[in-house]
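The lines below spell out each chain.
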Amino acid sequence: MSRASRPHLPMRPLWRCRRCGAEWPCQPARLALLVEYRADRTALLIYLSTLMAEAGEQLSQLNGHAAPERLTERFLSWARAR
Ligand SMILES: [Zn+2]
């Protein structure tokens with residue numbers, strides 16, 4: 001698989017990007033999601049809420065201190081319509 005085609009997807013249960021290693025959703029992942037869901041921001045927010053719940057569960061099992069307010073910032077705040 002070429003480097004360019006490797007998508008920025010989360011690595012569970014760490015929720016880091018498989019490609020760039022940043023906390024997911026990393027910047028390229030956010031851009032890709034905004035493009036993919038450009039016609040339906042509500043669907044994007046629902047999708048991200050689902051992932052946020054999953055991430056919150058897995059991260060708190062890993063380290064016991066997944067801060068919910070930080071997860072909201074990380075998963076949802078950037079995607080809300082301005
Ligand atoms: Zn990435």
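Since the structure is predicted, the reported quantities are computational estimates derived from the model, not experimental observations. (Residues numbered from 1 in each chain as written. Predicted model: local features only at pLDDT ≥ 70, side-chain atom pairs only at ≥ 80, totals over all residues. Heavy atoms only, no water.)

Draft legend 1. Inspection of the overall build of the chain at higher detail. Of regular secondary structure, the chain possesses three helices and two strands. Walking the chain from its N terminus toward its C terminus, one meets helices and strands in the order β-β-α-α-α. Within the span of the chain, comprising 82 residues, buried residues form 30% of the whole. For the chain, restricting intrachain contacts to residue pairs at least 6 apart in sequence, the fraction spanning at least 24 positions comes to 45%. As presented, the chain carries roughly 5500 Å² of accessible surface, and 55% of it is formed by carbon and sulfur atoms. (Helix = DSSP H or I, 4+ residues; strand = E, 2+ residues; numbered from the N terminus. Buried < 20%, exposed > 50% of the residue type's maximum accessible area, 1.4 Å probe, protein only. Contact = heavy atoms within 4.5 Å. Areas by Shrake-Rupley, 256 points an atom, 1.4 Å probe, with all protein chains shown as cover.)

Draft legend 2. Local environment of the environment of A32. Relative to the helices and strands, A32 resides in helix α1 (residues 27-36). The sequence separation of A32 and H8 amounts to 24 residues, and the corresponding C-alpha distance is 8.6 Å.

Draft legend 3. Looking closely at the packing of aromatic side chains. As enumerated under the stated definition, the model contains four aromatic pairs in all. Centroid distance Y37 to Y47: 5.8 Å. Interplanar angle 25°. Geometry classified as stacked. Taken as a pair, Y37 in the loop between α1 and α2 (41-63) and Y47 in helix α2 lie far apart in primary sequence, ten residues in all. The exposure class assigned to Y37 is buried, which follows from its relative accessible area of 19%. The exposure class assigned to Y47 is partly exposed, which follows from its relative accessible area of 34%. An aromatic cluster is present here, built from W15, W24 and F75 joined pairwise through their rings. (Phe/Tyr/Trp six-rings, centres within 6.5 Å; stacked < 30°, edge-to-face > 60°.)

Draft legend 4. Highlighting the coordination of the zinc ion. Taken together, the protein ligands of the zinc ion are H8 (ND1), C17 (SG), C20 (SG) and C26 (SG), with distances of 2.0 to 2.3 Å. Its four donor atoms give the zinc ion angles of 102 to 121° at the centre, a pattern that matches the tetrahedral case. Between consecutive donor residues of the zinc ion, the sequence gaps follow H-x8-C-x2-C-x5-C. Of this pair, H8 sits in the segment before β1 (10-11) while C26 sits in the loop between β2 (16-17) and α1; the two residues are 18 residues apart in sequence, bridging distant segments of the chain. With a relative accessible area of 18%, H8 lands in the buried category. (Donors = N, O, S within 2.8 Å, 3.2 Å for Na, K, Ca; no water. Tetrahedral: all angles 85-135°; square planar, octahedral: opposite > 155°, others 65-115°.)

Draft legend 5. Region of the structure containing the environment of E57. Mapped onto the elements of the fold, E57 is located in helix α2. Taking C-alpha positions, E57 is 9.2 Å from P13, a pair spaced 44 residues apart along the chain.

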